[in-house]
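Geometric and topological summary
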Amino acid sequence: MAAFEEMGVLPEIAKAVDDMDWTLPTDVQNEAIPMILGGGDVLMAAETGSGKTGAFCLPILQTVWENIKDIESGKTAKVNKDAPVRWQLSYSDRDSGMAVTPDGVRCQSRDGKAWQGVRANKGVTAPGKYYYEATVADEGLCRVGYSTTMASLDLGTCKNGFGYGGTGKKSNCKQFDDYGGSFGLHDVIGCFLDFDNMTMSFSKGGQDLGLAFSLRSEFKGKAFFPAVVLKNAELVFNFGDTPLKFPPTGGFVAICEAPSNCTATGLTKASDQDQVLKPKNNAPQAIILEPSRELAEQTLKQLDLFGLHVDNPKIRTLLVVGGVPVKEQIRALSAGVDIVCGTPGRLEELINTGQLALQSCRFFVLDEADGLLKAGHEKLINSIHASIPKLTPDGKRLQMVVCSATLHSFEVKKLAERLMHFPTWIDLKGEDAVPETVHHVVLHVDPRDDDLWHNLRQHVQTDGVHAHDNVRKGINSPETLSEAVKMLKAEYCLKAIDTHNVDKAIIFCRTKVDCDNLEKYFNLRGGGARNMGNPYSCVCLHGDRRPQERKGNLESFKNDEVKFLICTDVAARGLDITGLPFAINVTLPDEKSNYVHRIGRVGRAERMGLAISLVADVPEKVWYHGEWCKSRGKNCNNTRLTSEHGCCVWYNEPQYLADIEEHLGVTIQSVGRDLKVPLNEFDGKVVYGEKRGNTGSNYQTHVEQLAPTVDELLALERETQIIFIKRQYGKIYPWER
Ligand SMILES: Nc1ncnc2c1ncn2[C@@H]1O[C@H](COP(=O)(O)OP(=O)(O)OP(=O)(O)O)[C@@H](O)[C@H]1O
């Protein structure tokens with residue numbers, strides 16, 4: 001049996017994996033796939049290129065497919081529509097963050113901030129005395145009692161709701177008064193409604209707690225429904241269908257025994273359960289949130305590849321990203337979608353307009369989670385999470401998967417604590433790390449040492465921050481040196497390409513304008529963009545390029561139609577370009593985790609890669625357009641410093657380098673201007689872009705290294721045999737003496 005099948009992966013998916021030539025799962029897949037298939041929440045903190053995408057796509061695809069099959073085959077509980085409607089919690093009359101199990105007697109909310117409420121599907125009217133029980137199944141905050149259908153689901157906060165809370169307070173109309181003492185895990189709360197005396201009272205563990213509320217005359221003839229509101233808690237109800245723990249006395253009967261003329265129907269219909277079990281067309285079972293369009297496309301492609309042989313039904317996936325007409329996405333949603341993979345903006349739009357429903361979602365994935373948080377999407381993540389029921393209609397818990405090569409931030413840990421359910425960390429290194437397959441070096445750029453920039457016949461167009469400065473050789477002012485750094489970096493970039501015969505590389509610049517300028521310069525030096533033999537053929541990928549252009553550019557780079565992809569950090573994370581051998585950082589990222597992601601575009605799937613970072617030894621003045629910049633950088637020419645209400649800062653690259661080194665706990669090897677990567681460091685036997693091979697010369701040193709250990713083992717074996725012979729035959733041989 002193939003390795004993936006041994007982990008419980010469907011044969012159809014294992015076949016697709018086989019088609020991709022994946023013979024063995026990677027370490028992170030080995031751990032994550034069974035865990036996700038088993039229903040767990042997972043935080044994956046493995047290195048770049050270690051196969052995290054497959055580690056979550058594969059089990060999610062499988063679970064979603066199995067769930068659809070279960071519904072189709074009737075394995076998941078179905079409602080008999082002709083049966084009398086029994087007492088249970090409502091699927092309709094509840095807050096979206098409140099989950100109700102298929103049997104309708106257990107409810108749960110994992111929202112730790114907002115109260116989430118639910119009412120029963122039926123209520124009672126006068127006359128009579130009624131009783132039901134609620135048992136606390138998981139610690140948290142709760143209030144339980146009765147309300148009319150006019151009441152807020154936040155029980156006890158309006159005039160129509162009456163509750164008794166775990167903190168020992170009764171409440172109606174937001175009036176909280178001491179009552180009955182606190183209660184918690186495993187406590188059974190009895191809820192009494194007496195229409196004869198128009199009163200409500202409660203018991204705890206069978207002990208009557210006395211009168212809680214006298215109902216005002218306005219409630220005469222009104223129907224009251226069992227109701228509860230929770231904050232990160234779980235309760236189980238017994239309306240009397242099963243034996244009550246503390247059967248009531250004094251004329252009270254279990255509420256399910258109320259005669260039909262005293263029974264009111266709530267907002268639940270008998271068909272509700274059916275509707276919820278079978279996801280609505282626009283209610284996907286999984287939502288995968290990605291930080292960039294390209295990454296969302298890539299993940300979706302991976303899902304579709306895994307699903308190639310999965311039929312009856314085919315899993316319907318949808319890409320939800322901006323920059324393309326929303327109509328098509330809406331059409332696809334109404335036709336039916338099982339898994340959605342998208343970026344924050346468009347997802348939010350579709351959720352807010354009700355085009356995308358969250359009620360059937362059972363997987364919520366945050367890929368590149370730290371990147372999503374840094375980009376300011378925490379509010380959206382929280383609101384999507386709050387809107388997804390935490391228990392699916394068939395009783396399965398919402399599963400969250402959070403992953404990145406750089407997950408070790410305080411913000412991620414806080415998010416996990418808040419949103420995830422006892423998550424398992426799959427953290428093979430325990431810290432942000434660079435894979436062994438990535439060789440990364442620094443080339444220092446110092447215009448004081450290298451006067452190449454003095455006499456350049458052609459040079460890169462710089463970003464214009466020194467347009468109003470007096471910069472010229474001979475004046476070693478900070479501005480002149482900064483301008484020189486910009487020129488030198490473009491030259492060093494070309495030199496790195498020539499020295500290492502680079503025929504494919506991803507090149508990171510700090511700004512969009514830097515990308516555009518470098519693209520122009522590459523084409524200038526390479527004989528023009530249309531020159532078929534251009535040794536520096538390139539395309540750009542950054543936020544100012546139209547979505548179609550971005551897509552086309554990435555494709556032409558992947559398909560080897562051009563050699564270089566010049567991009568901002570929009571391409572730093574996740575992009576998977578098979579066998580990419582080289583990466584160049586024209587400028588270090590100011591966000592240190594992005595260094596790991598940028599250089600992680602090479603050295604993936606066990607292939608070797610080299611990343612060269614150009615680091616200026618002198619300060620470089622650069623653009624920094626904050627919120628204060630009205631045009632957000634477009635045609636901005638405010639070259640004053642931010643401290644003077646401008647849009648520029650002095651970039652201190654040695655400091656950024658020190659921060660990155662401290663973060664990774666390594667000193668990054670420096671190379672000289674000849675750009676030769678030291679052989680002793682990387683043993684000179686790797687071919688960048690290729691898998692590490694065995695080397696004959698190494699074999700010889702290997703034998704030499706092992707020889708003393710082999711001798712020692714030989715001596716030990718000899719000794720053991722002698723002891724054995726002595727014991728066996730009691731003889732002493734000459735060689736022993
Ligand atoms: N089991 C496997 N066997 C062979 N190749 C694999 C396996 N799993 C993944 N890969 C390949 O490894 C490459 C990297 O995988 P993936 O993009 O999932 O990495 P990642 O961990 O998400 O990286 P990043 O942190 O950069 O996003 C891909 O080309 C993928 O096809």
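Residues numbered from 1 in each chain as written. Predicted model: local features only at pLDDT ≥ 70, side-chain atom pairs only at ≥ 80, totals over all residues.

For the rest of this paragraph, the subject is the sheet that holds strand β25 (residues 438-445). Read across the open sheet, the 7 strands follow the order β27-β28-β26-β29-β30-β25-β33; overall the sheet is parallel. Of all the strands in the sheet, the pair left with one neighbour each is β27 (538-541) and β33 (669-671). Each neighbouring strand pair of the sheet contributes to a mean axis angle of 25°, computed without reference to strand direction. Across 4 bridges, β27 lies against strand β28 (residues 564-567) in parallel orientation. (Pairing = 2+ DSSP bridges. Helix = DSSP H or I, 4+ residues; strand = E, 2+ residues; numbered from the N terminus. Axes fitted to C-alpha atoms, helices over the stretch in contact; angles between N-to-C directions.)

Moving on to the UniProt feature "domain: DEAD-box RNA helicase Q" (unreviewed entry) in the chain. With numbering aligned to this structure, UniProt lists the feature "domain: DEAD-box RNA helicase Q" (unreviewed entry) at residues 2-30. Spanning residues 2-30, this segment combines 59% helix with 0% strand, and its end C-alpha atoms are found 13 Å apart. (UniProt positions renumbered as here; feature names shortened; annotations may be inferred.)

Moving on, we get to the confidence of the model for the chain. Taken as a whole, the chain shows an average pLDDT of 90; of its residues, 93% reach a score of 70 or greater. Across residues 77-83, confidence stays below pLDDT 50; counting only partners more than four residues off in sequence or on other chains, it has 8 contacts. With pLDDT under 50 throughout, residues 694-699 is counted as low confidence; its partners more than four residues away or in other chains account for 1 contact. Reported confidences for the modelled complex are a pTM of 0.72 and an ipTM of 0.99. (pLDDT = per-residue confidence, 0-100. Contact = placed C-beta atoms within 7 Å.)

With that out of the way, let us pick up the pairing of strand β20 (residues 317-320). The alternating pattern of β20 places Thr317 and Leu319 and Leu318 and Val320 on opposite faces, both of which are buried. Bridge count for β20 against strand β21 (residues 339-342) is 4 bridges, and the pairing is parallel. In the sheet register, Thr317 faces β21, and the bridge partner there is Ile339. (Buried ≥ 20, exposed ≤ 12 C-beta atoms within 10 Å, placed from the backbone.)

Below, the discussion takes up the nonpolar core. In terms of nonpolar packing, the biggest core is built from 134 residues, with Met44 and Ile507 touching the most fellow members. Top contributing element to this core by residue count: helix α12 (residues 478-499), with 10 residues. Both domains that meet at this core, namely domain 1 (2-72 + 282-388 + 398-427) and domain 3 (438-619 + 653-677), each give it at least three residues. In terms of nonpolar packing, the next biggest core, distinct from the first, is built from 48 residues, Ala120, Val124, Tyr132 and Val229 among them. (Core = buried A, V, L, I, M, F, W, Y, C linked by C-beta atoms within 7 Å. Domains from an automatic or database assignment.)

On to unusual backbone geometry, then. Cis geometry marks the peptide bond from Ala126 to Pro127, where omega comes out at -5°. Following the sequence through the fold, Pro127 ends up in the loop between β6 (122-124) and β7 (129-138). Residues Asn312 and Pro313 are joined by a peptide bond in cis, for which omega reads 0°. Backbone geometry places Asn501, a non-glycine residue, at a positive phi of 45°.

Around the ligand, the surrounding shell holds 20 residues, and the nearest of these are Trp22, Gly51, Lys52, Thr53 and Ala605. Per element, the largest residue contribution to the shell around the ligand is 3 residues, and it comes from helix α4 (residues 52-73). When the residues that make up the shell around the ligand are grouped by side-chain class, the tally is 6 nonpolar, 11 polar and 3 charged. Lining the shell around the ligand are residues from two domains, each supplying at least three of them: domain 1 (2-72 + 282-388 + 398-427) and domain 3 (438-619 + 653-677). (Near = placed C-beta within 6 Å. Nonpolar A, V, L, I, M, F, W, Y, C, P; charged D, E, K, R; others polar.)

Turning to the packing of helix α3 (residues 27-37) against α4, a few remarks are in order. The interhelical angle for the contact between α3 and α4, taken along N-to-C directions, is 25°, at an axis separation of 9 Å. Taken together, α3 and α4 sit at an angle that is classed as roughly parallel. For the crossing formed where α3 meets α4, the hand is right-handed. Judged by residue contacts, Val28, Gln29, Ala32, Ile33, Ile36 and Leu37 of α3 engage Lys52, Gly54, Ala55, Phe56, Leu58, Pro59, Ile60, Gln62 and Thr63 from α4. Its residues assigned to classes, the contact of α3 with α4 comprises 10 nonpolar, 4 polar and 1 charged. (Parallel < 35°, antiparallel > 145°, perpendicular 65-115°, else oblique. Left-handed = near helix turned anticlockwise from the far one by under 90°.)

Both strand β9 (residues 161-165) and strand β10 (residues 169-172) contribute to a ladder of 4 bridges, which runs antiparallel. Across the sheet, residue Phe162 finds its bridge partner in β10, namely Asn172. Connecting the antiparallel pair β9 and β10 is a turn made up of 3 residues, with Gly168 showing a positive phi of about 85°. Counting the residues that bridge the hairpin from β10 to strand β11 (residues 175-178) gives 2 residues, and of these Cys173 lies at a positive phi of roughly 55°.

Relative to the helices and strands, Ala405 resides in the loop between β23 (399-403) and α11 (410-419). Contacts of Ala405, omitting those with residues within four sequence positions, involve Ala46, Glu47, Thr48, Asp432, Val596, His597 and Gly600.

Let's shift gears to α11. Buried within α11 we find Val412, Leu415 and Leu419. The arc that holds the buried residues of α11, viewed along the axis, is 60°, so those residues lie on one side. Away from its buried face by more than 90 degrees, α11 exposes Phe410, Lys414 and Glu417. Of the surrounding elements, those touching the buried residues of α11 are α9 (369-374), α10 (378-387) and β23. (Arc of directions from axis to C-beta.)

In this section: the sheet that holds β21. The 7 strands are arranged β20-β21-β19-β22-β23-β1-β24 in an open sheet whose pairing can be described as parallel. Since the sheet does not close on itself, it has two edges, and those belong to β20 and β24 (424-426), each with one partner. The average angle at which neighbouring strand axes cross in this sheet is 15°, direction not considered. Relative to β24, strand β1 (residues 42-44) runs parallel, the two sharing 3 bridges. Directly across from Leu43, in β24, lies its bridge partner Trp425.

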